[in-house]
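Letter by letter, the chains look like this.
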Amino acid sequence: MEEIKTERRKRSLSLIQPTSIPTLGNYLGAMKGWPTFQKEYDTIYGVADLHSITVRQDPQQLKKQITELYAMLLAIGLDPETGIVFIQSQVPAHSQLAWILNCYTQFGELSRMTQFKDKSKQHSDNVNAGLFTYPCLMAADILLYQADIVPVGNDQKQHVEITRDIAERFNGVYGNVFKVPEPYIPKSGARVMSLADPTRKMSKSDPNPKGTVYLTDEPNVIMKKFKSAVTDSEMSVRYAEGKDGINNLMTIYSVITGNSLEQIEADFSGKGYGDFKKAVGEAVVEELRPVQENFKRLMADKAYLVECQKKGADAASRIAQRTLDKAMKKIGFVF
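Residues numbered from 1 in each chain as written. Predicted model: local features only at pLDDT ≥ 70, side-chain atom pairs only at ≥ 80, totals over all residues. Heavy atoms only, no water.

**A short note on the side chain of E68**
With respect to the element layout, E68 can be found in helix α4 (residues 59–75). Residue contacts for E68: discarding those within four places in its chain leaves I21, F295 and M299. (Helix = DSSP H or I, 4+ residues; strand = E, 2+ residues; numbered from the N terminus. Contact = heavy atoms within 4.5 Å.)

So, in structure tokens, the structure goes:
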């Protein structure tokens, strides 16, 4: 009988830093769609803890945040049996390939990276070499797994572009070693803005605690933040230029409920901002309820988390080591 060849599904890779619990912006902008993505692609999701130490971290706090973020990845619905969910520092090949790629990346390329310029200003007392060579580690993250696509926001697209440049340069010298990845800008999701300053993106680093909703916020805290959300003086629930606060709330409500902006305008016609803020807050509370329940259950079962982490690291290492070995042999290292 003739062997039937099945086409390999495209492979997708996404890593997230454990700088804090993800925000509602992280969730609605990307993470909410990850479980569905897992059905369509071979997925690799990871906690990018190596990246986080370009800024000084408290060791105990970092350990706690890595564990919590790993649990949150499972809590949002990622299945460690279907795809790989791992912690970056548990796969040494990331650091090994990053050093190799450092030697195939130009100083000028790294000095032009927007993130290096921004973080150098933010942390002027600690402009370390890791901050400068950060894109080489990110390139290693992607290239180790021969990822076809890398889902990113527009602010991260530059990192995929330099990864492509590094891969093409290395392949040009040694042949077809790395798959050249494509950036993937998800169509679904939303750009969620700060509740305190709707002209700025919702951020983990927002100095105003009222501006950011975290995935572990208690329901009463979530409601309080939405009730104090900045709006305008018009008191009309409609999407329009100059109504940044209401536009943001309508976007959040639309992504969660599936209702169009036109439908939301009709549903809240004649009602005040107080009613709308309450409805948005309640929708967010209900959306996050199963995530929070899963998170609490997982955090109470440390043995299961450790088992999943080990399984994820083993699976990631098998793929990563094959790529690393291939690159090292091409260069001429002795095995």
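**Digging into the environment of Q156**
Structurally, Q156 is set in the loop between β4 (149–151) and α9 (157–174). For the pair formed by Q156 and H51, sequence separation is 105 residues and the distance between their alpha carbons is 14 Å. Among all residues touching Q156, those that are not within four sequence positions of it are Q115 and M138.

**Let's talk about α9**
Counted at 1.5 Å a residue, the expected span for α9 with its 18 residues is 26 Å, and the 26 Å between its end C-alpha atoms agrees. Taken as a whole, α9 has its buried residues at H159, V160, I162, T163, I166, A167, F170 and N171. Downstream of α9 by a residue or two, G175 has a phi angle that is positive, lying close to 95°. (Expected span 1.5 Å × (residues − 1). Buried < 20%, exposed > 50% of the residue type's maximum accessible area, 1.4 Å probe, protein only.)

**Here's the deal with the packing of aromatic side chains**
Counted under the stated rule, the structure contains twelve aromatic pairs. Measuring from ring centre to ring centre gives 5.4 Å for F37 and Y184, while their planes differ by 50°; the resulting arrangement is tilted. Of this pair, F37 sits in helix α2 (residues 34–40) while Y184 sits in strand β5 (residues 182–184), placing them 147 residues apart in sequence. Its relative accessible area of 10% is what places F37 among the buried residues. Between F170 and F178, the ring centres sit 5.0 Å apart and the planes meet at 50°, which makes this aromatic pair tilted. (Phe/Tyr/Trp six-rings, centres within 6.5 Å; stacked < 30°, edge-to-face > 60°.)

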